[in-house]
Amino acid sequence: MISNGLHPKRRSHAGSSKPRFFGRHPFPSPGLAIRCPGDITRDKLDILRKADAVYIDQIRKAGLYDDIWQAFAVLLPVKTVGVMGDGRTYDFVVGLRAVTSTDGMTADFYQFDMKFLGETATRII
């Protein structure tokens, strides 16, 4: 517990000229290799980087970044069949994780609404 009763994110904000830096989700968040189980390739890491960038951008655009303690994308080591236009696709699955926490030791999932998830999935695809 911090003596002044402020959450670490809010405490670090005080007097800072760089709130975006201090308001970042906690580091170390899982690195790319941890979020890409199985064989690691440049192509898979590129997919993961792009998916993660879209996801965090969507969270920021929705004004949810400061409500979520930590969020990131994960590239699962499986592929699935989908349809795009008139053709089938066979691509990796991306999982999206977001949690809330008050102490960094316990967490609960963040309850996104379906509109947010639909828009985010469409952008990632």
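Residues numbered from 1 in each chain as written. Predicted model: local features only at pLDDT ≥ 70, side-chain atom pairs only at ≥ 80, totals over all residues. Heavy atoms only, no water.

*Asks:* Give me the lowdown on the overall build of the chain, citing residues and values where you can.
*Replies:* The secondary structure content of the chain amounts to 4 helices and 3 strands. Tracing the chain from N to C terminus, the helices and strands come up as α-α-α-β-β-β-α. A burial count over the chain gives 26% of its 125 residues as buried. Intrachain contacts of the chain at a sequence separation of at least 6 include 52% that bridge at least 24 residues. Approximately 8700 Å² of the chain is accessible, and the part contributed by carbon and sulfur atoms is 56%. (Helix = DSSP H or I, 4+ residues; strand = E, 2+ residues; numbered from the N terminus. Buried < 20%, exposed > 50% of the residue type's maximum accessible area, 1.4 Å probe, protein only. Contact = heavy atoms within 4.5 Å. Areas by Shrake-Rupley, 256 points an atom, 1.4 Å probe, with all protein chains shown as cover.)

*Asks:* Hey, could you go over helix α3 (residues 42-61) for me, with residue numbers and the actual values?
*Replies:* Its 20 residues give α3 an end-to-end C-alpha distance of 28 Å, which sits within 8% of 28 Å, the value for a rise of 1.5 Å per residue. Residues Lys44, Leu45, Leu48, Ala51, Asp52, Val54, Tyr55, Ile56, Gln58 and Ile59 constitute the buried set of α3. At the exit of α3 stands glycine 63, carrying a positive phi of roughly 70°. (Expected span 1.5 Å × (residues − 1).)

*Asks:* If you had to explain the packing of aromatic side chains to someone new, which residues and values would you point to?
*Replies:* The relation between two aromatic rings is expressed through the spacing of the ring centres and the mutual angle of the planes. With the rule as written, the count across this model stands at 3 aromatic pairs. Seen in terms of ring centroids, tyrosine 110 and phenylalanine 112 are 5.0 Å apart; in terms of plane orientation they differ by 65°. Their pairing is edge-to-face. For phenylalanine 112, a relative accessible area of 17% gives the class buried. Ring geometry for phenylalanine 112 versus phenylalanine 116: centroids 4.4 Å apart, planes at 5°, classification stacked. The pair formed by phenylalanine 112 and phenylalanine 116 is uniform in burial state, with each residue classed as buried. (Phe/Tyr/Trp six-rings, centres within 6.5 Å; stacked < 30°, edge-to-face > 60°.)

*Asks:* Please set out the side chain of threonine 120 residue by residue, giving values where relevant.
*Replies:* One can find threonine 120 in helix α4 (residues 114-124). We classify threonine 120 as buried; its relative accessible area is 0%. Not counting the four nearest positions on each side in its chain, threonine 120 is found in contact with Val54, Tyr55, Gln58 and Leu96.

*Asks:* Quick rundown of the pattern of salt bridges? Include the residues and the values.
*Replies:* One pass over the structure, following the stated rule, counts 5 salt bridges. Residue arginine 35 is joined to aspartate 52 by a salt bridge in which the shortest nitrogen-to-oxygen separation is 3.1 Å. Highlighted residues: arginine 35 in the loop between α2 (19-22) and α3 and aspartate 52 in helix α3, separated in sequence by 17 residues. A residue is classified by how much of its surface remains accessible, and arginine 35, at 8% relative accessible area, is buried. Bridged by salt links that share partners, the residues Asp57, Lys61 and Arg123 form one connected network. (Salt bridge = Lys/Arg side-chain N within 4 Å of Asp/Glu carboxyl O.)

*Asks:* Break down the nonpolar core for me, with residues and values.
*Replies:* Listed in full, the 11 residues of the largest apolar core are Tyr55, Ile56, Ile59, Leu64, Tyr65, Ile68, Ala71, Ala98, Tyr110, Phe112 and Phe116. Examining the composition of this core, we find that 3 residues originate from one element, α3, more than from any other. Setting aside anything within four residues of it in sequence, one finds leucine 64 in contact with Ile59, Tyr110, Phe112 and Phe116. Leu48, Ala51, Ala73 and Leu75 belong to the second-largest nonpolar core, a separate cluster that totals 6 residues. (Core = buried A, V, L, I, M, F, W, Y, C linked by side-chain atoms within 4.5 Å.)

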